[in-house]
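# Structure assessment
One-letter residues, chain by chain:
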Amino acid sequence: MRTNFTPAQLEDPQLAAAEKQLRACVHCGICTATCPTYTLLGDELDGPRGRIQLIQHMLETDAVPSAKVVTHIDRCLSCLACVSACPSGVNYPRLIDKAREHIERKAQRPWARRLLRKALGQVLPHRELLRPLLMLGRIGAPFAALLPEALRAPARLAARLPKAERGTPIAKVSRPSGTPVGRVALHVGCVQEVVAPRITRAAVRVLVRHGFEVTTVEGDGCCGALNHHLGQAAEAHTHAKALVADIAKHEDDGKPFDAIVTTASGCGAVVRDIGFQLNDERGAAVGARTRDIADLLRGVPLKTGRAHRFTRVAYHAACSLTHGMKQAAAAPQILRTLGFDVVEPRDTQCCGSAGVYNVLEPAIADRLQQRKAATLMETQPKYIATGNIGCLAQIAAAVQLPVVHTIELIDWATGGPKP
Ligand code: SF4
Ligand code: SF4
């Protein structure tokens, strides 16, 4: 597709990257059928091809976007199903990320909406703020109807999220008994550490049990993914830089980590792209080594017991793991090798979690959640497993059986506690 940016505009490397993707799009529309918001709403402007046109016009003119444009861009889940479908290799994140940042800088949103977005970007990445907020949300949930409209969805969400928990302390460095088979940095994260600290503990146990030396890395708590999805570039960069610096600090002894391991693919997908976001070589080196924990464990001989065998598990592949990190094949493969009876529903569309989407766009998120829950429950599982805390919480709020992280099942099967 032809573009009309000025040379001055293209001096911005992120705008230049977006322009390259705009030129790559041939408007074939093959991506459209895979887009969850298009299939739900049936509007071309709620599909990738329509959004790409809106983004091109908005970025070329550097215009203040209209409320209509903001609505269609806000409704995008950033699930990246369109990326996997596109035969021309259009890197849609380069477009939607730039569009979100542009909208965040220029759009005149209603004050309540602005306040909500600001609050989400300030609170969620900080565990010490999130804990009391979750508690308040649970108390306020029964009175949600009395709250201002913008606060109803977060109050309802807080009530549906797992309660805040305190995990047992983890050593900064955990070592195996013999010579390590590898040295990895394990990213701890923010929201997951508040609502499901058991996941990181299970990951440490599995890694150490199989010979890895594990150093936990945190930066300032968040990797920047939450702010990134909100278009809050400055905040996202601050968090990302802190994480890169924390990793570098532990490599100062000249021993680089073999991998940077994430247990939340929503974070992992953003960390893999951290070099581009920061326009920084150290960040690029971190991104290139970032792996989902199941992908790291693929090929590692796992020591398995018998108690879990033939337990039926419905596996939900998170969009960020499938289309973002492109590392979704490992988890179900490992679970099968360990002896679980794994079923993967054919409907692989987004569950509606998508970062903070379920707070900001609850009507669409709820429809996707209900569809996802029904598809998974049809398989009559004992557990539902996934590799991303957002999906885990979103699905758990809609079903009556345990929804766990894949690593918890791997932990159980290799000598850890039953989840
Ligand atoms: S499939 Fe790719 S090239 Fe075709 S419209 Fe979608 S993004 Fe553009
Ligand atoms: S990222 Fe997902 S919701 Fe957004 S346009 Fe692509 S397929 Fe549609």
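Residues numbered from 1 in each chain as written. Chains lettered and ligands numbered in written order. Predicted model: local features only at pLDDT ≥ 70, side-chain atom pairs only at ≥ 80, totals over all residues.

### Digging into the site of ligand 1
Taken together, 14 residues sit near ligand 1, with Cys25, Cys28, Cys31, Cys86 and Ser88 positioned nearest. Counting residues per element, the ones that place at least two in the shell around ligand 1 are helix H3 (48-61) and helix H5 (81-85). Partitioning the shell around ligand 1 into residue classes produces 10 nonpolar, three polar and one charged. (Near = placed C-beta within 6 Å. Helix = DSSP H or I, 4+ residues; strand = E, 2+ residues; numbered from the N terminus. Nonpolar A, V, L, I, M, F, W, Y, C, P; charged D, E, K, R; others polar.)

### Quick word on the nonpolar core
Among soluble globular proteins, nonpolar side chains are generally buried collectively. Core analysis: the largest hydrophobic core is formed by 118 residues, its most contacted members being Leu186, Ala203, Val313, Leu335, Ile395 and Leu409. When residues of this core are assigned to domains, at least three map to each of domain 1 (9-106) and domain 2 (312-413). Residues contacting Leu409, with those up to four places away along its chain left out, are Val313, Leu335, Phe340, Tyr383, Ala385, Val404 and Pro419. (Core = buried A, V, L, I, M, F, W, Y, C linked by C-beta atoms within 7 Å. Buried ≥ 20, exposed ≤ 12 C-beta atoms within 10 Å, placed from the backbone. Domains from an automatic or database assignment. Contact = placed C-beta atoms within 7 Å.)

### Brief notes about the pairing of strand S3 (residues 212-217)
The pairing of strand S1 (residues 173-174) with S3 spans two bridges and is classified as antiparallel. Paired with Val173 across the two strands is Thr215, which belongs to S3. Here strand S2 (residues 182-187) pairs with S3 via six bridges, running parallel. Bridged to Arg183 within S3 is Glu213. (Pairing = 2+ DSSP bridges.)

### A short note on the domain arrangement of the protein
Segmenting the protein into domains produces domain 1 (9-106) and domain 2 (312-413). Averaged C-alpha coordinates put domain 1 and domain 2 at centres separated by 26 Å. Counting from both sides, the interface comprises 12 residues of domain 1 and, opposite them, 13 residues of domain 2. Those elements that provide at least two residues to the side of domain 1 that touches domain 2 are helix H2 (36-41) and H5.

### Let's talk about the environment of His239
Of note, His239 is situated in helix H13 (residues 233-249). Taking the C-alpha atoms as reference, His239 lies 25 Å from His405; in sequence the two are 166 residues apart. Setting aside residues no more than four positions away along its own chain, His239 makes contact with Pro125, Gly219, Asp220, Cys222, Cys223, Gly224 and Asn227.

### Some words on the sheet that holds strand S9 (residues 403-405)
Ordered by their spatial adjacency, four strands build an open sheet running S7-S6-S8-S9, and the pairing between neighbours is parallel. Only two strands of the sheet have a single partner each, and these edge strands are strand S7 (341-343) and S9. Neighbour to neighbour, the strand axes of the sheet diverge by 35° on average, direction disregarded. The pairing of strand S6 (residues 312-316) with strand S8 (residues 383-386) spans four bridges and is classified as parallel. Looking across to S8, one finds that Ala314 is bridged to Ile384. (Axes fitted to C-alpha atoms, helices over the stretch in contact; angles between N-to-C directions.)

### Digging into the site of ligand 2
Taken together, 14 residues are adjacent to ligand 2, and Cys35, Pro48, Cys76, Cys79 and Cys82 come closest. If you list the elements that add at least two residues to the shell around ligand 2, you get H2, H3 and H5. Of the residues that constitute the shell around ligand 2, the class distribution is 10 nonpolar, three polar and one charged.

### Here we look at the pairing of S8
What you see with S8 is no split at all: Tyr383 and Ala385 on one side and Ile384 and Thr386 on the other are buried throughout. Pairing between S8 and S9: three bridges, direction parallel. Across the sheet, the residue bridging to Thr386 is His405, located in S9. As a crossover connection, the stretch from S8 through helix H22 (residues 389-396) into S9 is right-handed. (Right-handed = clockwise from strand over helix to strand, strands pointing away.)

### Digging into the packing of helix H11 (residues 198-209) against helix H23 (residues 406-413)
In contact at an axis separation of 9 Å, H11 and H23 are set at 45° when each is read in the N-to-C sense. In this view, H11 runs oblique relative to H23, as classed from their interaxial angle. Relative to H23, H11 is oriented so that their crossing is left-handed. Between H11 and H23, the residues in contact are Arg198, Ile199, Ala202, Ala203, Arg205 and Val206 and Ile407, Glu408, Ile410 and Asp411, respectively. Residues of the contact of H11 with H23, tallied by class, amount to six nonpolar, no polar and four charged. (Parallel < 35°, antiparallel > 145°, perpendicular 65-115°, else oblique. Left-handed = near helix turned anticlockwise from the far one by under 90°.)

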